[in-house]
Structures are given as C-alpha cells and as structure tokens.
Amino acid sequence: MQTGISGEILKIENLSFSYEKTQQVLKDINLTAVDGESIGIIGANGIGKTTLMKLLVGLYTDYQGTLEVAGHQVNKKNLAHIREHIGYVFQDSDSQLFLSTIEDDVAFGPRNYGLSEEEVEKRVTEALEKVHISELRNKQTYKLSGGEKKLASIATILSMKPDIIIMDEPSIALDPRNRRNLIKILNEIDSLKIITSHDLDFILDTCERCLLLDEGRIIADGGSREILMDKELLEAHGLELPLSAGRMS
Amino acid sequence: MSSIEKNIRELDKLQNLQQRSHWMNSLHPLGKLLLSIFYIFVTVSFDKYSLAPLIVMAIYPLFGFIVGELSFKEGIYRMRLILPLVIFVGIFNPFFDKRIILEVAGIGISGGVISMLTLMLKGFYSVLSAYILIATTSIDDICYALRILRVPKQIVIVIMLIYRYFGVMAAEADRITTAYKLRAPKQNGIHYKAWGTLVGQWLLRSMDRAEDVYESMLLRGFTGDFSMRKHKTAATDILYPAIWGLIFLVIRFFLIKIL
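Model, not experiment: these values are computed from the prediction.

Caption draft 1: Structural detail: the overall build of chain B. Within chain B, the secondary structure is distributed over 13 helices and two strands. Compactness check: chain B gives a C-alpha radius of gyration of 23 Å against a globular reference of 18 Å for 259 residues, more than 25% above the reference. Summarising its shape, the C-alpha atoms of chain B cover approximately 65 × 50 × 30 Å along the three principal directions. Put simply, of all contacts in chain B between residues at least 6 apart along the chain, 77% involve residues at least 24 apart.

Printed below as a string of structure tokens:
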C-alpha cells in the first residue's frame, strides 16, 4: 500500500549476505532510493542481483547491515508491513500467476490485505487499465501469451499499490512489440522501480539510474547513460555495450 | 501429443467449463455442494432392491448434463478411472443372493442381480453428480463453500495447494519428458535407466517452482489462509437446491411406495 512517503524510501547500509558462511554473495552494499526513481541493476550471471532483490522483499532476513523499506527495518517481525509497501515481479510469470483467471490473481493481494470487495474491484480495474489489459480480465491465466502474462504479473503487483516495484528480468522472452509495450507501461508507473536485467537496452529505456554489480559489490552507481556507455567499465565486469550505444554515440 | 500434455489439456478443459458464464456456474457454491452431498446421501440410502425409484433418481444427473450443457461423453471420459471401480463394486452379488424376486417375460431375476444393478446405479449417479459439481464450480468456490461449512482451514488450504501444485508438477513432468523424447527419438518411451534421474529432476524442479509460487503468494500478503471472493446470495441460490432437495425426498419417501 502506498505510504505517500516522498523522500528516501529505501535505505541499505553495509549490507552483506551469504547462503553459506564460506561464500559471501553480497558485500557491503550501500544504496538509498527515493520515491519515483527507476533504478536498473546490471551485472553478469550469478553476481547476486536476484539475491539482492529477494533480500529487499524479506525472502531472506539473515543479512548483516541495515536494510530499511519505507522506514521499516526488514526483519521477520516486520515482514507483513514491508510487503505491503513492496511488490516483486518474478522472472517467470508462471510463478506469479497461480489462480484461474486474471481477475482472481490481480485481486489476490488486495483481498489478503482485507480490503472491501468494492475496493478490491476498483483496484483490479485500475491495475488492469494501467497495463492496458482490461479486456483480459476474465481470461484464464494459462491461455495468455508470454507478453500478456508479463503484463498480468505486473498488474498483480500494481493492485497492491506498492511504494516500490521490483522486477527480475522483466523483458525476458518478450517479442520486440511486447518489449516496447512493456517499456512504455513501466515509464508510466510512478512508484520507485528497481529492475534487474541483462537487457541493457531495456535498462537504458526504463531507468535513469543504474547500478553495476560484480562479485557481490556495487562497482558503479550513477546515471544509466553514463554507466551503460562506458565500454571499458562494462567489459571489465563481464558485460558489453548495449546495442543502441552505437546509435547514440 | 504426449499423455501428460493430454492430461494437462483435460485439466484446462475442465477449468474452461468452470469458468463458463452459464447460470448453473453462477449459483452459490454452498448450495451446489450441499445439493451434491444430499443427492449422494439420498441415492445411497435406497434399499438394495429399490431399483425402480433409483432409476427415477437419474433425473438429477440428466438435468445437470442437459440443462448444464455438459457433454455426457466427455464426462464419462474424465471419470473413466473411477467409474469401473464404482460400477463393479457389486459384481459378485448374483453369486450370493440367488433368490428370485422378480419375473420379466417369464425370466426370473434374482435379488443378487437387482442389488448389483442398484449398487452400480448408486455409484454411477454419485460420480456423475460429483462431476456436475466440479464442472460447474471452480476449486476456489468449492473451498469457499467448505470454509462456510466450517471445514478446518488447514484441510481446505491443503486441497487448494494440491490443486495449484498439481498443475506445476504436471507442467514440469511434461517439459522433462518432452526434452528426453526429443533427444531419444528412436526410443519407445523412457528407458528404465533414466527413470531415477528423471523422477529426481522432476521432484527437484517441481519443488523449485512450487517454492516460487509460494513466495509469490507470501509477497502478496498470504498468511496461511486464502481470502476468497464472497458470493452474494440470490433467490435462485436457495430455490435451486431447495427444489431439488424436495424432489429427492419425494422420490425417496413417496415414489418408492408407488413403484
């Protein structure tokens, strides 16, 4: 649920995390984000992007350091509260959509938070309108195309009106038209967005700020253009210039 | 098409039926659930020789299939695994009860044959009425009705989760077997040496997927109980089961005396 907080909405200080004691996945992560920002997190495979995302939503709580969402420390006690403010769009939409129809799935979150049926109805309508799939409202989830599933997944989160929306590889397996459509829709959403992706062009089109992660640390934090046009920086950390970089330079 | 894919499609078709905008689908799930239970209860309560009134009890499944626009052929196909069990449950009765209790065109029919037929009909009708219920009511709605009936939350959630994860596991099984078959085109089925690995992979992958689904539920406020859409009760929601209930009672207590 949106808090109306307009300042610092996410605060991470000296965050470290390891699945096993011997190997740290994230080391000394520091990050603050304000309402309305859109932040892209990039990095090669297996450097801890998804782990960081899962820490933000409290799926792992045994971290070291400070992690605050909407002014609340992420810990087991605060989980219910944290999850009211933060929405997570899974990489695989099939994991996100588990009810029979789009309407039921989009209503799942608001119903769990005990909203009245009228409010649930309103939220579902608004969320579907935001991602331009109102006509799919009564469609069964298994009948959707990949692009429709992705938009429906986003609608399931928007209906909860979160302050922060986290997306794991949202452009994966989308055709060019659906990808373009998704970019347009994401740019229309005004909550704080945190997007992880290997699709650097997608990050360039949707995020004004970019974080480059490698070996569990933030290597660079700055404007997307600045970081994504830095060939040396990207190549030093297992990435390549986005395809659109050639057109821009 | 692989048999797993076929079964997934069957499940999808059943979900299609449940999502139709037919008036029988729109009835309150509690009324439909209670009606089905009551029908089964009345049906099985007939005496083992009460064949004639039991035949009249076919009126409910007939109505369900015809008015509910359900395909009888598909219904029988979907219930193919359970039907033989319920139909053949009384198959040995003719050997134990040889007393002639009825004569048709000079041919004596033993009590064993009659009781076998009544048992078959009872089982057959019960399965058909259950099918009518699940073809017109989604699992969420059935669980909603169960919760109204104060069935413990834990049981209802287990039913819902099994239903959710069933699809996940079936999809994983389909992916694994398809990947195997595409790389072993000359092989008929799956070689027994691969079974262990495939089943292990299937379980691990299903667990991963199930965990993702569960996490997705947790992140949207799931705290151990499904918050279901509340159904408003209309007059038809009460009249429909009430009228049928009355018909069953008339057949059970009055028609039985005439026939």
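Caption draft 2: Fine view of the confidence of the model for chain B. Residue and element names in this part refer to chain B. Summing up the model confidence of chain B, the mean pLDDT is 87 and the portion of residues at 70 or higher is 99%. By mean pLDDT, the top-scoring element of chain B is helix α3 (residues 29-44) (96), and the lowest-scoring one is helix α1 (residues 3-18) (80). Confidence estimates for the predicted assembly give a pTM of 0.76 and an ipTM of 0.76.

Caption draft 3: Looking closely at the pairing of strand β10 (residues 217-223) of chain A. All names here are of chain A. Sheet topology places strand β9 (residues 209-214) next to β10; six bridges connect them, and they run antiparallel. What sits directly across from Cys210, in β10, is Gly222. From the end of β9 to the start of β10, which pair antiparallel, there are two residues, and Glu215 there has a positive phi angle of about 50°.

Caption draft 4: Quick look at the sheet that holds β10 of chain A. Residue and element names in this part refer to chain A. Reading across the sheet, the six strands line up as β6-β7-β8-β3-β9-β10 and stay open at both edges, with mixed pairing between neighbours. Looking at strand neighbours, the two that pair on one side only are β6 (86-89) and β10, the edges of this open sheet. Put simply, the sheet's adjacent strands are angled 15° from each other on average, direction ignored. Two elements, β6 and strand β7 (residues 164-168), share four bridges in a ladder whose sense is parallel. Its bridge partner being in β7, Tyr88 is matched across the sheet by Ile166.

Caption draft 5: A look at the nonpolar core. If you look at the biggest cluster of nonpolar residues, it comprises 79 residues, and the most contacted ones within it are Val131, Ala155, Ile164, Ile166 and Ile203 of chain A. Looking at this core element by element, the count peaks at six residues for helix α6 (residues 146-158) of chain A. What Val131 of chain A contacts, discounting residues up to four positions off in sequence, is Leu151, Ile154, Ala155, Leu158 and Ile185 of chain A. Of all hydrophobic cores here, the second largest spans 25 residues; its members include Leu70, Leu133, Met228 and Ile251 of chain B.

Caption draft 6: Expanded view of the sheet that holds strand β1 (residues 8-20) of chain A. All names here are of chain A. Strand order in the open sheet made by the four strands is β2-β1-β4-β5, with antiparallel pairing throughout. Taken across any chain shown, the strands that pair with only one partner, and hence form the sheet edges, are β2 (23-34) and β5 (72-73). The pairing of β1 with strand β4 (residues 64-69) spans five bridges and is classified as antiparallel. Note that in β4 the partner of Leu10 across the bridge is Val69. Relative to β2, helix α1 (residues 49-56) is tilted by about 60°, and along the sheet it contacts β1, β2 and β4.

Caption draft 7: Examining the interface of chain B and chain A more closely. The interface of chain B with chain A comprises 17 residues on the first partner and 22 residues on the second. Secondary structure elements with two or more residues in the side of chain B that touches chain A: α1 and α12 (192-218) of chain B. A per-element tally of the side of chain B that touches chain A places α12 of chain B first, with five residues. The class makeup of the residues in the side of chain B that touches chain A is three nonpolar, six polar and eight charged.

Caption draft 8: The packing of helix α5 (residues 59-67) of chain B against helix α9 (residues 111-136) of chain B, seen in detail. All names here are of chain B. Two elements in contact, α5 and α9, have axes whose closest approach is 10 Å; the angle formed by their N-to-C orientations is 35°. Here the hand of the crossing between α5 and α9 comes out left-handed. When α5 is examined against α9, the residues Tyr60, Pro61 and Gly64 are found in contact with a partner set consisting of Tyr125, Leu128, Ser129 and Ile132. Classifying every residue of the contact of α5 with α9 by side-chain character gives five nonpolar, two polar and no charged.

Criteria and thresholds
- Residues numbered from 1 in each chain as written.
- Chains lettered and ligands numbered in written order.
- Predicted model: local features only at pLDDT ≥ 70, side-chain atom pairs only at ≥ 80, totals over all residues.
- Helix = DSSP H or I, 4+ residues; strand = E, 2+ residues; numbered from the N terminus.
- Rg over C-alpha atoms; globule rule 2.2 N^0.38 Å.
- Contact = placed C-beta atoms within 7 Å.
- pLDDT = per-residue confidence, 0-100.
- Pairing = 2+ DSSP bridges.
- Axes fitted to C-alpha atoms, helices over the stretch in contact; angles between N-to-C directions.
- Core = buried A, V, L, I, M, F, W, Y, C linked by C-beta atoms within 7 Å.
- Buried ≥ 20, exposed ≤ 12 C-beta atoms within 10 Å, placed from the backbone.
- Nonpolar A, V, L, I, M, F, W, Y, C, P; charged D, E, K, R; others polar.
- Left-handed = near helix turned anticlockwise from the far one by under 90°.

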